[in-house]
Amino acid sequence: MADEFTVRKAVRADCKDIWEMFLQLQAMSDVTPEQVKFSKEALQRDGFDCSPPLFHCFVAEFRGVAIGYALYSYQYSAYEGGLEMRVSNLFVKEVYRCKGVGKLLFEALIEKAKQQKTVGIEWMVLNWNRTAIKFYENFGAQDLTITEKVHAFRISLSE
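What counts as what
- Residues numbered from 1 in each chain as written.
- Predicted model: local features only at pLDDT ≥ 70, side-chain atom pairs only at ≥ 80, totals over all residues.
- Heavy atoms only, no water.
- Helix = DSSP H or I, 4+ residues; strand = E, 2+ residues; numbered from the N terminus.
- Rg over C-alpha atoms; globule rule 2.2 N^0.38 Å.
- Buried < 20%, exposed > 50% of the residue type's maximum accessible area, 1.4 Å probe, protein only.
- Contact = heavy atoms within 4.5 Å.
- Areas by Shrake-Rupley, 256 points an atom, 1.4 Å probe, with all protein chains shown as cover.
- Lys, Arg positive; Asp, Glu negative; His and termini not counted.
- Charge placed at Lys NZ, Arg CZ, Asp CG, Glu CD.
- Salt bridge = Lys/Arg side-chain N within 4 Å of Asp/Glu carboxyl O.
- Phe/Tyr/Trp six-rings, centres within 6.5 Å; stacked < 30°, edge-to-face > 60°.
- Disulfide = S-S within 2.5 Å.

Trainee: Go over the overall build of the protein with me, naming the residues and quoting the values.
Mentor: Within the protein, the regular secondary structure consists of five helices and five strands. For 159 residues, the compact-globule formula gives about 15 Å, and the C-alpha radius of gyration of the protein, at 16 Å, lands near that figure. Judged by the C-alpha coordinates and their principal axes, the protein covers about 40 × 40 × 35 Å. Per-residue burial for the protein yields a buried fraction of 34% across its 159 residues. Summarising the internal contacts of the protein: among those between residues at least 6 apart in sequence, 59% fall at separations of at least 24. Carbon and sulfur atoms provide 53% of the accessible area of the protein, an area that totals close to 10500 Å². For the protein, the distance from the average site of its 20 positive side-chain charges to the average site of its 21 negative ones is 2 Å.

Trainee: Describe the pattern of salt bridges, with residues and values.
Mentor: Inspection of the entire model under this criterion finds seven salt bridges. As a salt-bridge pair, R63 and E4 come within 2.6 Å of each other at their nearest N and O atoms. On the criterion of sequence distance, the pair formed by R63 in the loop between β2 (56-62) and β3 (65-77) and E4 in the segment before β1 (5-9) is long-range, its members being 59 residues apart. Of the residues examined, E4 reaches a relative accessible area of 31% and is grouped as partly exposed.

Trainee: How would you explain the packing of aromatic side chains if you had to name every residue and give the values?
Mentor: Here the structure, examined in full by the defined rule, presents 17 aromatic pairs. Ring geometry for W19 versus F38: centroids 5.9 Å apart, planes at 50 degrees, classification tilted. Placement of W19 in helix α1 (residues 15-28) and of F38 in the loop between α1 and α2 (40-49) is noted, with a sequence separation of 19 residues between them. Judged by relative accessible area, F38 falls into the partly exposed class, the value being 30%.

Trainee: An account of the side chain of S73 is requested, with residue identities and associated values reported.
Mentor: Assignment of secondary structure puts S73 in strand β3. Among the residues examined, S73 registers a relative accessible area of 17% and is labelled buried. Setting aside residues up to four positions removed in sequence, S73 forms contacts with L54, F55, E84, M85 and R86.

Trainee: Tell me what's going on with the state of the cysteines, and back it up with residues and numbers.
Mentor: Counted under the stated rule, the structure contains zero disulfides. Of the cysteine sulfurs around C50, a residue in no disulfide, the closest is that of C15, at 11 Å.

Below is the structure:
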């Protein structure tokens, strides 16, 4: 079964599936669809209808059906001096978890980051998501809250 999982670059036609999985990811954090500020139209516009795209995405499939995705963008790292990959979401449908799909998606991200000669990859994980934290630690990821004594902050400018 594991050899039937594939990862590929997302295309505009994947927006419906990515959007539905995005809502599933939000629901895991008790966010209702009404609370989501992002829209499927914004997903299509920002990732597939503008040049350059504001984000990039990989889709994991099983027998032609989307079962996971990884959404990422790039930013400049003043800390290390160079381009850095910023992962916004990595999600695998519940029935396909612990089957190697997340590993395939994350490996695709790492490979892309290497191809782009980035200085690193950063992302956030909710503190209650111990499974995800362990998953990333297995790749050698460091929790910057502990190792660098930094905290992530955000100012939301959207209504």
